[in-house]
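One-letter residues, chain by chain:
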Amino acid sequence: MSDKTFTLSSNDLGGTFTHEQVMNNFGCSGGNISPHLQWENAPEGTKSFAITMHDPDAPTDSGFWHWAVFNIPVNVTELKAGAGNPDKDLLPKGAFMGRADTGQNAYGGPCPPEDDFVHKYIITVYALKTEKPELDQDTPLAQAVYQIVMQHEITRASLIAYYKRD
């Protein structure tokens, strides 16, 4: 077991999203490219990983789920930029994307309402004690995250990036 902390980092995010990662929908015109993500120092007993991206500041009672990836094999420690585009086939073998609040099984970048305040987007990688949680691509993300946290999570690492629509 390592004494080092489980951490999540990105070569693409430096605290704020760029136009490249912003959604290209709902009135936003960004590149909608999911950021590079890399994690290290997974705890002993980790059998797989899951990743989510959530905007708790969205104007709904439950925020807005922008992205989720499940069944990431334990030997994988990063996702390349663009992995959230299903047409690019960049996810590791066996991994799949859950249905985001955009209605798609894909990355949906930030796109807060016009003239709204700066929103925070929490990207989290979960170290799980199971290889494959009983989830599928149509499991509602709030339910999937609840199941992961309550039944399978060993620990998690997060990073926060901000975005305000101009």
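Below is a short write-up of the structure. (Residues numbered from 1 in each chain as written. Predicted model: local features only at pLDDT ≥ 70, side-chain atom pairs only at ≥ 80, totals over all residues. Heavy atoms only, no water.)

1. Examining the sheet that holds strand β1 (residues 7–9)
- Strand order in the open sheet made by the 3 strands is β1-β2-β5, with antiparallel pairing throughout. In this open sheet, the two edge strands, each paired with only one partner strand, are β1 and β5 (78–79).
- Note: β1 against strand β2 (residues 37–40), 3 bridges, orientation antiparallel. What sits directly across from T7, in β2, is E40. (Pairing = 2+ DSSP bridges. Helix = DSSP H or I, 4+ residues; strand = E, 2+ residues; numbered from the N terminus.)

2. Quick look at the side chain of T139
- With respect to the helices, strands and loops of the structure, T139 is situated in the loop between β7 (119–128) and α1 (141–152).
- Given the relative accessible area of 11%, T139 is considered buried.
- Only 3.1 Å separates the side chain of T139 from the backbone nitrogen of D136, close enough to count as a polar contact. (Buried < 20%, exposed > 50% of the residue type's maximum accessible area, 1.4 Å probe, protein only. Polar contact = N/O pair within 3.5 Å; in protein donor to acceptor, adjacent residues only side chain to side chain.)

3. Some words on the pairing of β7
- The buried fraction of β7 is high, at 8 of 10 residues.
- Direction of pairing for strand β3 (residues 48–55) relative to β7: antiparallel, over a ladder of 7 bridges. The residue bridging F49 from the neighbouring strand is A127, located in β7.
- As paired strands, β7 and strand β8 (residues 153–163) are joined by 10 bridges and run antiparallel to one another. Counterpart to A127 in the pairing with β8 is T155.

4. What about the side chain of Q147?
- The residue Q147 is located in helix α1 in this model.
- A residue is classified by how much of its surface remains accessible, and Q147, at 13% relative accessible area, is buried.
- Excluding anything up to four places from it in sequence, Q147 contacts P133, E134, L135 and H152. (Contact = heavy atoms within 4.5 Å.)

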